[in-house]
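Report on the structure
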Amino acid sequence: MALITKKIKGTEDVLPRQSYRWQFVENIMREESRAYGFREMRTPVFEHTELFARGVGQTTDVVQKEMYTFDTKGGESVTLRPEGTAGAARAVLEHALENEGLPIKASYFVSCYRYEKPQAGRLREFHQFGIEEYGTQSPVADAEIICLAQSVLDRLGLSDVHLELNSIGCPECRAKYNQALRNYFSQYKEQLCPTCLTRLEKNPMRLLDCKSPEDHKIAEGAPKITDYICEECKEHFAEVKKYLDAAGVEYTVNPTIVRGLDYYTKTVFEFVTDCIGAQGTVCGGGRYDGLIEELGGKHMPSLGFAMGLERILLVMDAKGIEIPQPEPCALYIATMGDAAKQKAFSLLRQIRECGLTAETDVVGRGLRAQMKYADKIGAKYSLVLGDNEIAENKAKVKNMESGEQTELALDETFAEKFSVLTLTASKGFEI
Ligand code: HAM
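What this report covers is the structure whose coordinates are included nearby.

Definitions and limits used
- Residues numbered from 1 in each chain as written.
- Predicted model: local features only at pLDDT ≥ 70, side-chain atom pairs only at ≥ 80, totals over all residues.
- Heavy atoms only, no water.
- 1 Å grid on protein atoms, 1.4 Å probe; cavity = no way out; pocket = protein on both sides within 12 Å on 5 of 7 lines; lining within 4 Å.
- Points joined across faces, edges and corners; volume = space filled by probe spheres on them.
- Helix = DSSP H or I, 4+ residues; strand = E, 2+ residues; numbered from the N terminus.
- Buried < 20%, exposed > 50% of the residue type's maximum accessible area, 1.4 Å probe, protein only.
- Near = heavy atom within 4 Å.
- Polar contact = N/O pair within 3.5 Å; in protein donor to acceptor, adjacent residues only side chain to side chain.
- Areas by Shrake-Rupley, 256 points an atom, 1.4 Å probe, with all protein chains shown as cover.
- Nonpolar A, V, L, I, M, F, W, Y, C, P; charged D, E, K, R; others polar.
- Contact = heavy atoms within 4.5 Å.
- Arc of directions from axis to C-beta.
- Pairing = 2+ DSSP bridges.
- Axes fitted to C-alpha atoms, helices over the stretch in contact; angles between N-to-C directions.

**Focus: empty space enclosed by the protein**
What the rule picks out here adds up to 1 cavity of 30 Å³ or more. Looking at the largest cavity, the residues that line it are Met 41, Arg 42, Thr 43, Gly 84, Ala 88, Tyr 108 and Val 110.

Pasting the structure below:
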């Protein structure tokens, strides 16, 4: 049969046999963010286009080249979120969350959409775990969110993914730096790509993250922000480093890290690895003290980061980190006849209410085929229900590995006794 279509380029399916890997990683992220006092926030997958144009920045690659933007039937321009920060900030403002007290601490899992050239670790639909914190200018907050990212990586077995840190200063130091960049890049006007020529006037810092190899080469010799940041920004950066040192978080200061989005100020950071090819940044973030004002709110210094879930999973694979498989089916009930089917149905409910996984036949297989299926799904125990078992109101539960059988009454004590059986068997006790 010919399929009428296939998945869109740059997108991926997560199949039932793979989803436990995602859940394992997401659970650790949830636990760690909770430990640091963050609570989950969910925002829409699309927003008005101007949110990203203003928030992420008109001259960024994301806004200029990569957004999925379309007009609705009502004539509005909307965009699938290319990242999570702008939507989260919009929601914070719209719901006046500052009235609930500062800092506001939000975490999220979002799907994001960027029309980039797909390659290993670079997709058009990808997923981020993110953290945002609003209403603090303290360097302690910078160090704290970096520690949170590090804790997540440590628990995933990725402690050796390296932290690179920089400060890109405030608007005052940026003005001087932009002038230095204009002076430098003006010498190469003939060689720059057309996008960078417009950036030269409007936002020269974006020339530093141009993906064209020629421009990238020129950018290597550009002035470094470190030589232009003001005393206050220097002091802030020194404090961030002090707290990271106190927490034992290792980092390298890398003055070439400027991030590809416009909202950043002061601290910026990336966690990078060289084990998955060119797309080795698994986490990126920093401070964005001006974003909330840019979106129409009051001055509210803020910061955050996002980790790419696909890249995290790629690194775990590359490093051979094993993710624990979910618990298999605890009990498979094979049935013969209608009465048995009905009895199985009520026993299964009891078992599932105890938090155990249980299955029965729903495709009309014969007994042999049912047992084969139980084997295939790795069921730990099986139970055959036929007319005899129903008449006697008891049946033998079989341990699929050892073959050992235990008789249990098929009454309201069944699930409880079965739970005890599974627990004692896993601890090696006799009952
Ligand atoms: P970003 O650096 O654009 O930052 O993305 C964060 C992470 O998302 C990257 O480090 C990478 O792991 C993953 N990622 C980005 N693009 C792709 C792609 N095309 N395919 C697969 N993974 C990708 C942000 O998005 C900011 N909003 C982070 C932030 C939050 N800053 C402050 N708060």
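**Overview of unusual backbone geometry**
With an omega of -5 degrees, the peptide bond between Leu 102 and Pro 103 qualifies as cis. Looking at where Pro 103 falls in the secondary structure, it is placed in the loop between helix H4 (85–94) and strand S5 (104–113). Positive phi values are uncommon outside glycine, yet Ala 96 reaches one of about 45 degrees. Within the secondary structure layout, Ala 96 lies in the loop between H4 and S5. Given a relative accessible area of 24%, Ala 96 falls into the partly exposed group. At Asn 393, a position not held by glycine, the phi torsion is positive, near 55 degrees. Checked against the element boundaries, Asn 393 lands in the loop between helix H14 (387–392) and strand S15 (394–399).

**Things to note about the site of the ligand**
In the neighbourhood of the ligand, 26 residues make up the surrounding shell, with Glu 83, Thr 85, Glu 116, Arg 259 and Tyr 264 lying closest. Contact distances for the ligand include 2.9 Å between a nitrogen atom and a backbone N or O atom of Leu 123. Between an oxygen atom of the ligand and a main-chain N or O atom of Val 282, the distance comes to 3.2 Å. Burial of the ligand by the protein chains amounts to 96% of its free accessible area of 660 Å². Residue assignment for the shell around the ligand shows that the elements contributing at least two residues are strand S6 (125–134), strand S10 (281–287) and strand S11 (302–308). Here the element with the most residues in the shell around the ligand is S10; it accounts for 5 residues. Grouping the constituent residues of the shell around the ligand by class yields 11 nonpolar, 8 polar and 7 charged.

**With respect to the environment of His 48**
Here His 48 lies in strand S2 (residues 46–48). Between the alpha carbons of His 48 and Gly 87 there is a distance of 9.6 Å; along the sequence they are 39 residues apart. Setting aside anything within four residues of it in sequence, one finds His 48 in contact with Glu 76, Ser 77 and Val 78. A distance of 3.1 Å separates the side chain of His 48 from the side chain of Glu 76, its partner in a polar contact.

**Looking at helix H7 (residues 194–202)**
Those residues of H7 that fall on the buried side of the exposure criterion are Thr 195, Cys 196, Arg 199 and Leu 200. One face of H7 carries all of its buried residues, which in axial projection span an arc of 145 degrees. Exposed residues pointing more than 90 degrees away from the buried face of H7 are listed as Pro 194, Glu 201 and Lys 202. Taken together, the buried residues of H7 touch helix H3 (61–66), helix H6 (171–186) and helix H8 (213–220).

**Considerations on the sheet that holds strand S8 (residues 252–253)**
Strand order in the open sheet formed by 8 strands is S1-S5-S6-S11-S10-S9-S7-S8, and the pairing between neighbours is mixed. Only two strands of the sheet have a single neighbouring strand rather than two, namely strand S1 (39–40) and S8. Direction of pairing for S10 relative to S11: antiparallel, over a ladder of 5 bridges. From the neighbouring strand, Gly 285 faces S11, where its bridge partner is Phe 305. Contacts from helix H9 (residues 231–247) reach strand S7 (162–167), S8, strand S9 (265–272) and S10, with the element oriented near 160 degrees to S7.

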